[in-house]
Amino acid sequence: MTGRTDYVHVPRAIEDPYCPTSVPMYQTATFGQSRADGFDEFDYSRSGNPTRRVLEDQLARIEHGTSAYAFSSGMAAISAVVRLCRAGDEVLVGDESYGGTIRLLREIAPRLGLTARAVDTTCPKRVAASITDRTRLLLLETPSNPTLRITDLAAMSSIARQRGIILAVDNTMLSPWLQNPLDHGADVVVHSATKHLNGHGDVTAGAVCTSRADLAGSIAFIQNAEGAALGPFDSWLLLRGLATLPLRLEAQQRSAGLIADWLADHAAVAEVFYPTLPTHPGLDIQRRQARGGGCVISVRTGSPETARHIVERTRLFRTTVSFGCISSSISLPRCMSHACVDAGSGGLGARPVPPDLVRLSVGIEDPNDLIADLDRALRPVVQAAATRVPSPARTGAGTDG
Ligand SMILES: *Cc1c(COP(=O)(O)O)cnc(C)c1O
């Protein structure tokens, strides 16, 4: 297990005569070669860059892998993993996955000759029954985005191993500080580093981590051949963000736990999704494979209008897509991060996002200020409910899909 110290002290991969405290940014596209008929360690930044190399070594280390590759976005990283498949192969994807992942598999995968199907990965039997001779990759999130469903990673890994398929886990939601899927048998971990890993809302980036030499070689080849590697400046910013990941996440998770408890008792909230609430169906699995519930909470409000009003009324929780930033945010997944899921999920079979769902990402602000902000936004809902009979706050809870 990597500790806080490992996040701060980055193994120094590059020689530098001045012993800099911060990893220097090698903002250069090319490197001079000592000979014309052979390469030194670095020649061209698409293929390799010293700043990116330090970042990639650090990503591998904190994710308990042997290799990692930094990409220009989370989608570029996921796309590289999908490229491990060949025409004719089939991809199984968690039926609740990030909207962009669903879109990639629905719209782009068929152009590569791949088929994709969504499967409920919270049910190992269903996953085992869905695998065919053509299945090559199982890609899933746990907790899933946006209703935080928990998948048993050890169960998935044992199925994947038995059937000879690649298990890739999108670990964006918890980050390596709270969960290390490679330790539970995953072959590949992907990240949208835009979220927790960077944490400051100023970089779009992605990562692929693995301990399998064969897959590492393929991902390295794809990264160089397709050219979606992360640039030096973004690599440098991401390195800076990573150093404080444990501090940020511990503070965010503590506040998220308080806020989840507070919401669970609130009259304007029909249902709260947070992986470590005692009512969460995945609680035991979550305790086994993760170190907490993270900083994302989703709630059902009973009606899409109520959901929209809450999202638009908060002030500290700003209306933005994304999560994992030091500042809190709030969103309507159905209309924002997951808008493309319902724009014709095609034959994929993705799980519809409830229209009354609000997703909160808890930042590092004072939790009392955050609760006061939510209280102000929720109070009119309770007041409106009190003037009507029966209470509309709890009647529309079953509007799924
Ligand atoms: C945001 C996100 C992605 C996509 O990452 P980008 O950096 O936006 O390309 C993938 N998976 C999950 C779970 C995400 O939240």
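A brief look at the structure comes next. Sequence order sets the numbering: in each chain, residues are counted from 1 along the sequence as written. Thresholds applied to this predicted model are a pLDDT of at least 70 for local features of residues and 80 or more for the giving and counting of side-chain atom pairs; totals over whole chains, interfaces and linings are not thresholded and use all residues. Hydrogen atoms and water are omitted, and side-chain values are computed over all heavy atoms in the structure.

### Considerations on the layout of surface pockets
Argument step 1. In this analysis the probe radius is 1.4 Å and the grid spacing 1 Å, with only protein atoms considered; a cavity is a set of points the probe fits into but cannot get out of, a pocket is an open set with protein on both sides within 12 Å along at least five of seven lines, and lining residues have an atom within 4 Å of a point. Grid points are joined across faces, edges and corners, and a volume is the space filled by probe spheres set on the points. Estimates place the volume of the largest pocket at around 390 Å³.
Argument step 2. For the purposes of this entry, the term helix denotes a DSSP run of H or I that reaches at least four residues, the term strand denotes a run of E that reaches at least two, and both are numbered from the N terminus. At three residues, strand β8 (residues 271–273) tops the list of elements feeding residues into the lining of the largest pocket.
Argument step 3. Residue ranges for the domains originate in an automatic or database domain assignment. A domain-level breakdown of the lining of the largest pocket finds at least three residues from each of domain 1 (12–243) and domain 2 (245–387).
Argument step 4. A volume near 290 Å³ is recorded for the second largest pocket.
Argument step 5. Lining the second largest pocket are 22 residues, with M75, Y98, T172, S192 and K195 sitting closest to its centre.
Argument step 6. Of all elements in the fold, only α3 (74–82) and β6 (188–192) reach the threshold of two or more residues within the lining of the second largest pocket.
Argument step 7. Partitioning the lining of the second largest pocket into residue classes produces eight nonpolar, 10 polar and four charged. Here the nonpolar group is Ala, Val, Leu, Ile, Met, Phe, Trp, Tyr, Cys and Pro; Asp, Glu, Lys and Arg are the charged ones; every other residue, Gly included, is treated as polar.

### A word on the side chain of S361
Argument step 1. In this fold, S361 is placed in strand β12 (residues 357–361).
Argument step 2. Identification of polar contacts relies on pairs of N or O atoms within 3.5 Å, with a donor-acceptor requirement for protein atoms, meaning one able to donate a hydrogen and the other able to accept it, and with residues adjacent in sequence counted only if both atoms are side-chain atoms. A polar atom in the side chain of S361 sits 2.9 Å from the backbone nitrogen of G324.
Argument step 3. Contact definition: two residues touch when any of their heavy atoms are within 4.5 Å. Excluding residues within four positions of it along the chain, S361 makes contact with C295, F317, F323, G324, C325, S328 and S329.

### A word on the pattern of salt bridges
Argument step 1. One speaks of a salt bridge when a side-chain nitrogen belonging to Lys or Arg is within 4 Å of a carboxyl oxygen belonging to Asp or Glu. Taken as a whole and assessed by the stated rule, the structure comprises 20 salt bridges.
Argument step 2. A salt bridge links E107 to R106, with the shortest nitrogen-to-oxygen separation between them at 2.7 Å.
Argument step 3. On the basis of relative accessible area, E107 is assigned to the partly exposed category, the value being 36%.
Argument step 4. For the salt bridge of D187 with R161, the shortest nitrogen-to-oxygen distance reads 3.9 Å. Pair noted here: D187 is in the loop between α7 (175–178) and β6 and R161 is in helix α6 (residues 153–163), with a separation of 26 residues, a long-range link.
Argument step 5. The network of salt bridges with shared partners includes D95, D120, R126, R149 and R351. Three exposure classes are used, based on accessible area relative to the maximum for each residue type with a 1.4 Å probe and protein chains only: buried under 20%, partly exposed in between, and exposed over 50%.

### Considerations on the pairing of strand β2 (residues 90–94)
Argument step 1. Among the five residues that make up β2, five are buried, leaving the element largely enclosed by the rest of the structure.
Argument step 2. Judged by which residues are buried, β2 turns out to be covered on both faces: E90, L92 and G94 on one side and V91 and V93 on the other are all buried.
Argument step 3. Pairing of β2 with strand β3 (residues 115–119), which is carried by five bridges, proceeds in the parallel orientation. The partner of V93 across the bridge, within β3, is A118.
Argument step 4. Handedness of the crossover is the feature at issue here: the chain leaves β2, passes through helix α4 (residues 99–108), returns alongside β3, and the resulting connection is right-handed.
Argument step 5. Between any two strands, at least two bridges found by DSSP are needed for them to pair. Sheet topology note: the β2/strand β4 (residues 135–141) ladder contains four bridges and is parallel. Its bridge partner lying in β4, E90 is registered against T135. Clockwise travel from the first strand over the helix to the second, with the strands pointing away from the viewer, marks a crossover as right-handed.

### What to know about the site of the ligand
Argument step 1. Taken together, 14 residues lie around the ligand, and G74, D170, S192, T194 and K195 are the ones closest in.
Argument step 2. Interatomic distance of 3.4 Å between a side-chain N/O atom of N145 and an oxygen atom of the ligand.
Argument step 3. Between the ligand and K195, the relevant distance is 2.6 Å, taken from an oxygen atom to a side-chain nitrogen or oxygen of the residue.
Argument step 4. Accessible areas in this description were obtained via Shrake-Rupley with a 1.4 Å probe; residue shielding takes into account the shown protein chains only. Relative to its free-state accessible area of 380 Å², the ligand is covered by the protein chains to the extent of 91%.
Argument step 5. Across the shell around the ligand, the residue classes break down as five nonpolar, six polar and three charged. Here a residue is considered near a molecule or strand provided that any single heavy atom belonging to it is located within 4 Å of it.

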